[in-house]
Amino acid sequence: MKNQSLLLLAFVALVSWSCGTSSTMLEVLQPSQIVLPENIKVLALIDRSKPEKGFANFIEGAFSGEDFGQDREGRRLALQNLTTTLTRTPTLQIKGTGVEYTGSKNGKQMLPPLNWNEIQSVCDKYGANAVIALESFDSSSDISYSQSSYKSKQKDGTEIIKYTHTARRNVRLYMGWRVYDPKIRVVVDENTIQEYVENTGTGNTQDNARNNLRSQLSVVRELSAKAGDSYGKRIAPVYVNVSRTYYNTAKGADKDAMEQAHRLTQANKWEEAADIWNDLLSNARDPKTKGKAAHNIALALERNGNLKGAEDWASKAFTQYGNKVSQGYVNVIQQRISDQARLDYQLKKVKP
């Protein structure tokens, strides 16, 4: 597996080089969807989605086609990924408690909020200002089948009708979260997440088609991890990695300079690379090279946090030098400027 990953990376690098572009990763602080009260700094994490029905729940799952332990594993991954996501925020600290409460009979619905004395007890025990609870969890699925026919020519020249069977499995995930603030005794956020995915399998029989579907457990694991990550990003600004593309080659007399600048970026010397791109804006013989240089300058400015400068240079790359790729980059930078305004507000709200 490790060798395959290295081969894939080498292939991607080769393709990027042959296309005249490279990619780089930036760490960006992404604003949250909501702003929690200023007093909330430490969250205690609890699980209130444990099935109430016990053995009956196991029997129901067996008849509905669920893999053994499917929902339990989904709950675990949702909590785990929420915790992992919130380790990437500068505004909150999360503490795992291992506390479990029995949830509702129907995992698609949440019970009434917990008693405030219970919430305060959890906060006192774990040194938290608030409690974040996974309040409900349920997964379900259904399978449908279809078939199509085609003619197959035999060795003796005769034709026979053969059939291809297709199985379609729809997997749905329901998850509910609450954030309890015991200081003001208010549920400051209540959110339900629904995730859905369809996958197909084919075979020469219905059973083969069904057996060629992705494991239902793997689908639930994937959806649960995604949902946990999504909720973390809902309640706190989180650092994420984003990819950016820039140019590494040019034609003719400009080729050596552009390749030298690329080597400097690989050595993380972006300011020196930007000096070369600025020279190319004045001296490049190929107008396309000037567009590439302007685009690359915009990226260098974004890396330094100068979003307005990045927007200006990306706009120049498109409007003055005709680099069509830069038009999309202008939109990306404008979204970052908008996000930064939201971040400034959010960080001011939570700053101690």
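All values reported here derive from a predicted model rather than from experimental measurement.

Observations concerning the pairing of strand β6 (residues 186–203)
Two elements, strand β5 (residues 159–181) and β6, share 17 bridges in a ladder whose sense is antiparallel. From the neighbouring strand, Y174 faces β6, where its bridge partner is Q194. Count of turn residues in the β5/β6 antiparallel hairpin: four residues, of which R185 carries a positive phi of about 55 degrees.

Things to note about helix α10 (residues 307–319)
The terminal C-alpha atoms of α10, which comprises 13 residues, lie 18 Å apart, in line with the 18 Å expected from a rise of 1.5 Å per residue. Within the span of α10, buried status applies to L307, G309, A310, E311, A314 and A317. The opening residue of α10, the one whose side-chain oxygen lies 2.8 Å from the backbone nitrogen of G309, is N306.

What about the confidence of the model for the chain?
Summarising the model, the chain shows a mean pLDDT of 89, and 89% of its residues fall at 70 or more. Note that pLDDT drops below 50 for residues 1–18; the model gives that stretch seven contacts with residues more than four away or on any other chain. For the stretch residues 55–65, pLDDT sits under 50, and the model shows six contacts to residues farther than four places along the chain or on other chains.

Quick notes on the side chain of N323
Note that N323 resides in the loop between α10 and α11 (325–350). There is a polar contact of 3.1 Å between the side chain of N323 and the side chain of Y247.

Some details on the nonpolar core
With 30 residues, the main nonpolar core has W270, W277, L280, L299 and Y329 as its most contacted residues. Sorting the residues of this core by element identifies β1 (21–30), β7 (238–247), α7 (255–266), α8 (270–283), α9 (287–303), α10 and α11 as the ones contributing at least two each. Per element, the largest residue contribution to this core is seven residues, and it comes from α8. Judged by nonpolar contacts, the second largest core, of 28 residues, contains V171, L173, V219 and L223.

So, a negative patch on the surface
On the surface, E271, E272, D275 and D279 cluster together into a negatively charged patch. Examined against the element boundaries, E271 turns out to sit in helix α8.

Brief notes about the pattern of salt bridges
Enumeration according to the criterion identifies 20 salt bridges in this entry. Note that R178 and E135 form a salt bridge whose closest N and O atoms lie 3.1 Å from each other. Of this pair, R178 sits in strand β5 while E135 is found in strand β4 (residues 130–153), placing the two residues 43 residues apart along the sequence. Each of the two residues, R178 as well as E135, counts as buried. In this structure, the salt-bridge partner of E222 is R214, at a minimum N-O distance of 3.3 Å. Taking relative accessible area as the criterion, E222 reaches 44% and is therefore assigned partly exposed. Beyond isolated ion pairs, a larger network of salt bridges with shared partners links R48, E135, R178 and E190.

Some remarks on the sheet that holds β6
Overall, mixed pairing links the five strands, which are arranged β3-β2-β4-β5-β6 in an open sheet. Pairing within the sheet leaves two strands with one partner each, and these edge strands are β3 (93–102) and β6. Neighbouring strand axes in the sheet, compared pairwise and without regard to direction, differ in orientation by 25 degrees on average. The sheet strands contacting helix α3 (residues 70–86) are β2 (42–50), β3, β4 and β5, and the helix crosses β4 at an angle near 120 degrees. Those strands touched by helix α4 (residues 116–126) are β2, β3, β4, β5 and β6, and its axis lies near 135 degrees from that of β3.

Comments concerning the packing of aromatic side chains
This structure, assessed with the given rule, holds four aromatic pairs. Where W116 meets Y180, the ring centres are 5.7 Å apart and the plane angle is 80 degrees; that geometry is what we call edge-to-face. Here W116 is found in helix α4, whereas its partner Y180 is found in strand β5, with 64 residues between them in sequence. There is no split in this pair, since W116 and Y180 are both buried. Ring geometry for W177 and Y231: centres 5.1 Å apart, planes at 5 degrees, overall stacked. Taken as a pair, W177 in strand β5 and Y231 in helix α6 (residues 216–235) lie far apart in primary sequence, 54 residues in all. Residue classification places Y231 among the buried residues on the basis of a relative accessible area of 1%.

A word on the packing of α7 against α8
Put simply, α7 and α8 touch, their axes get as near as 8 Å, and they point 165 degrees apart. By the angle class used here, α7 and α8 are roughly antiparallel. Between α7 and α8 lies a crossing of left-handed hand. Together, A257, M258, Q260, A261, L264 and T265 of α7 and W270, E272, A273, I276, W277 and L280 of α8 make up the contact between the two elements. Class assignment for the residues of the contact of α7 with α8 results in nine nonpolar, two polar and one charged.

A look at unusual backbone geometry
Phi at R185 is positive, roughly 55 degrees, even though this residue is not glycine. Along the chain, R185 falls in the loop between β5 and β6. In this model, N268 sits at a positive phi of 65 degrees, which is unusual for a non-glycine residue. Relative to the elements of secondary structure, N268 occurs in the loop between α7 and α8.

So, how was this worked out
- Residues numbered from 1 in each chain as written.
- Predicted model: local features only at pLDDT ≥ 70, side-chain atom pairs only at ≥ 80, totals over all residues.
- Heavy atoms only, no water.
- Pairing = 2+ DSSP bridges.
- Helix = DSSP H or I, 4+ residues; strand = E, 2+ residues; numbered from the N terminus.
- Expected span 1.5 Å × (residues − 1).
- Buried < 20%, exposed > 50% of the residue type's maximum accessible area, 1.4 Å probe, protein only.
- Polar contact = N/O pair within 3.5 Å; in protein donor to acceptor, adjacent residues only side chain to side chain.
- pLDDT = per-residue confidence, 0-100.
- Contact = heavy atoms within 4.5 Å.
- Core = buried A, V, L, I, M, F, W, Y, C linked by side-chain atoms within 4.5 Å.
- Patch = residues over 30% accessible without salt bridge, like charges linked within 9 Å, V, L, I, M, F, W, Y side chains within 5 Å.
- Areas by Shrake-Rupley, 256 points an atom, 1.4 Å probe, with all protein chains shown as cover.
- Salt bridge = Lys/Arg side-chain N within 4 Å of Asp/Glu carboxyl O.
- Lys, Arg positive; Asp, Glu negative; His and termini not counted.
- Charge placed at Lys NZ, Arg CZ, Asp CG, Glu CD.
- Axes fitted to C-alpha atoms, helices over the stretch in contact; angles between N-to-C directions.
- Phe/Tyr/Trp six-rings, centres within 6.5 Å; stacked < 30°, edge-to-face > 60°.
- Parallel < 35°, antiparallel > 145°, perpendicular 65-115°, else oblique.
- Left-handed = near helix turned anticlockwise from the far one by under 90°.
- Nonpolar A, V, L, I, M, F, W, Y, C, P; charged D, E, K, R; others polar.

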